[in-house]
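Notes for the structure review
Next come the chains, spelled out residue by residue.
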Amino acid sequence: MDLSYTPEEEEFRARLREWLGKVLPTLPPKPSPDDWPGRRVYDLGWQRMLYDAGYADVHWEGTPSVRLIFLEETEKAGAPYVGANFVGLLHAGPTIAAEGTPEQRARWLPPVLRGEEVWCQGFSEPDAGSDLAALRTRARRDGDDYVVSGSKIWTSHAEVADWCELLVRTDPEAPKHKGISWLAMPMDAPGITVRPLRTLAGSAEFAEMFLDDVRVPVANRVGDENDGWRVTMVTLSFERGTAFVGEVVACRRVLGELAVAARRNGRWDDAALRRRLGRLNAEFRALWRLTQWNVSEAEASGGVPGVGGSVFKLRYSHARQELYDAAAEVLGPDSLDLERPWMPDRLSSLSYTIAAGTSQIQRNIVGERILGLPKGR
């Protein structure tokens, strides 16, 4: 396994770093975290700048190593995060690129790359809990359409989305994992109701979504009918594979800032705190190496991340929470002030052991697909 970069990849890094240095000072102020229509405009504008500079298709056309370099350098430079483009660029787009027909790729991928359309994710349901395959949203075939009824929750960016990657049950009589299909649903279709959900950190990037006889063309199905669970595993492999790379870089930056703050306010004299920060430093270094390993494996297997992404997601979720617990220890009583650096991130970190597959689900995946343990009864 080779974790080093080729000369061509290092040349890409240098070129990207130079471009970022030129364009980032020209960006307008970022909108308020609560202003998602404003964030949509801002995030799409950034995506258009990437497109015009030739970097928009890195997530799909670039090798896993190039994607890794791109995410690392943009985070280090403080470039805008994908934001409202998250689902389209890192989930739905790569899935359509891998599983879609030529017509589907031609219809949906260019608008995402050009910063023209936003996607949301309609996977989780209120009554399914951590068991994604227990979804009940029904899609009944009616000629050239599916008629969809049901509800979704934690639908990322539904308020500002043009399209939704939607999981539906197309055969209620089939075994649980066999009767599911993956649809691209237009968010302006009649019968869709979106209700924002406010998180503990005060943001509203999630929503409930209610579907009442929404008509979705059969041509919008990605993959075969009732083969949606396999397609979903492709989506989740991207979500758990390289989607968190930039956040690992951000955590390593925050850890360095924590050490500086601890030296400034006297908390550095606490030997237990120093050991804690040292262990976290080792943890995030190991996670970065694991990311490189996963990328190397993806390159060897055709570009789609493997189940090693679940190992990364499992450990990263807990390490992130531990990092922001340490931030609260460094700040002391000031950690109750949400205007302080890192504290909103601490609140958002509490969701990471649930988001993108709970830690319990990740342990099952690791046990069954990597360690070969028998499935629970």
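First, a word on scope: everything that follows refers to the structure included in this document. (Residues numbered from 1 in each chain as written. Predicted model: local features only at pLDDT ≥ 70, side-chain atom pairs only at ≥ 80, totals over all residues. Heavy atoms only, no water.)

Side note on helix H2 (residues 36-53)
Under the convention used in this document: Helical segments are the DSSP runs of H or I of at least four residues, strand segments are the runs of E of at least two, and each set is numbered from the N terminus. By definition here, a helix of n residues has an expected span of 1.5 Å times n minus one. Burial classes follow relative accessibility: with a 1.4 Å probe on protein chains only, a residue under 20% of its type's maximum area counts as buried, one over 50% as exposed, and anything between as partly exposed. By definition in these notes, contact holds between two residues if any of their heavy atoms fall within 4.5 Å. By the criterion applied in these results, polar contacts are pairs of N or O atoms within 3.5 Å in which, for protein atoms, one can donate a hydrogen and the other can accept it, and in which residues neighboring in sequence qualify only through two side-chain atoms.
The terminal C-alpha atoms of H2 lie 25 Å apart, and with 18 residues this matches the ideal 26 Å at 1.5 Å per residue to within 8%. Along H2, the positions that sit buried rather than exposed are Trp36, Gly38, Arg39, Arg40, Tyr42, Asp43, Leu44, Trp46, Gln47 and Leu50. Elements in contact with the buried residues of H2: helix H1 (7-23), helix H4 (64-76), helix H5 (86-99) and helix H6 (102-113). Sitting at the head of H2, aspartate 35 places a side-chain oxygen 2.9 Å from the backbone nitrogen of glycine 38. Glycine 54 sits one or two residues past H2 and shows a positive phi near 90°.

Focus: unusual backbone geometry
Despite not being glycine, histidine 157 shows a phi value in the positive range, around 65°. Within the chain, aspartate 213 stands out as a residue other than glycine whose phi angle is a positive 55°. Here aspartate 213 lies in strand E7 (residues 206-217).

What to know about the pattern of salt bridges
Note the following rule: In what follows, salt bridge is the name for a side-chain nitrogen of Lys or Arg lying within 4 Å of a carboxyl oxygen of Asp or Glu.
Tallied over the full model, the rule gives 27 salt bridges. Among the salt bridges present, the one from lysine 22 reaches glutamate 18, with a minimum N-O distance of 3.6 Å. Of this pair, lysine 22 and glutamate 18 both sit in helix H1, 4 residues apart, which is roughly one turn of the helix. Lysine 22 sits in the exposed class, given a relative accessible area of 56%.

Looking at the packing of aromatic side chains
Given two aromatic rings, their pairing is described by the distance between the two centres and the angle made by the two planes. The criterion, for reference: Classification of ring pairs rests on two measures: the distance between centres of Phe, Tyr or Trp rings, Trp counted by its six-membered ring, which must be within 6.5 Å, and the angle between planes, read as stacked under 30 degrees, edge-to-face over 60 and tilted in between.
For the structure on display, the rule yields 8 aromatic pairs. Between phenylalanine 12 and tyrosine 55 the ring centres are 5.9 Å apart and the planes differ by 70°, which places this aromatic pair in the edge-to-face class. Residue phenylalanine 12 is located in helix H1, and its partner tyrosine 55 is located in the loop between H2 and helix H3 (58-61); the two are separated by 43 residues in the primary sequence. By relative accessible area, which is 8% here, phenylalanine 12 ends up buried. Residue tyrosine 55 is classed as buried on the basis of its relative accessible area of 5%. Ring centres 5.3 Å apart and planes at 50° place the aromatic pair tryptophan 19 and tyrosine 55 in the tilted group. Within this pair, whereas tryptophan 19 is found in helix H1, its partner tyrosine 55 is found in the loop between H2 and H3, the two being separated by 36 residues in sequence. We note that tryptophan 19, like tyrosine 55, is buried. Put simply, the rings of Phe12, Trp19, Trp46 and Tyr55 touch in pairs and so form one group of aromatic residues.

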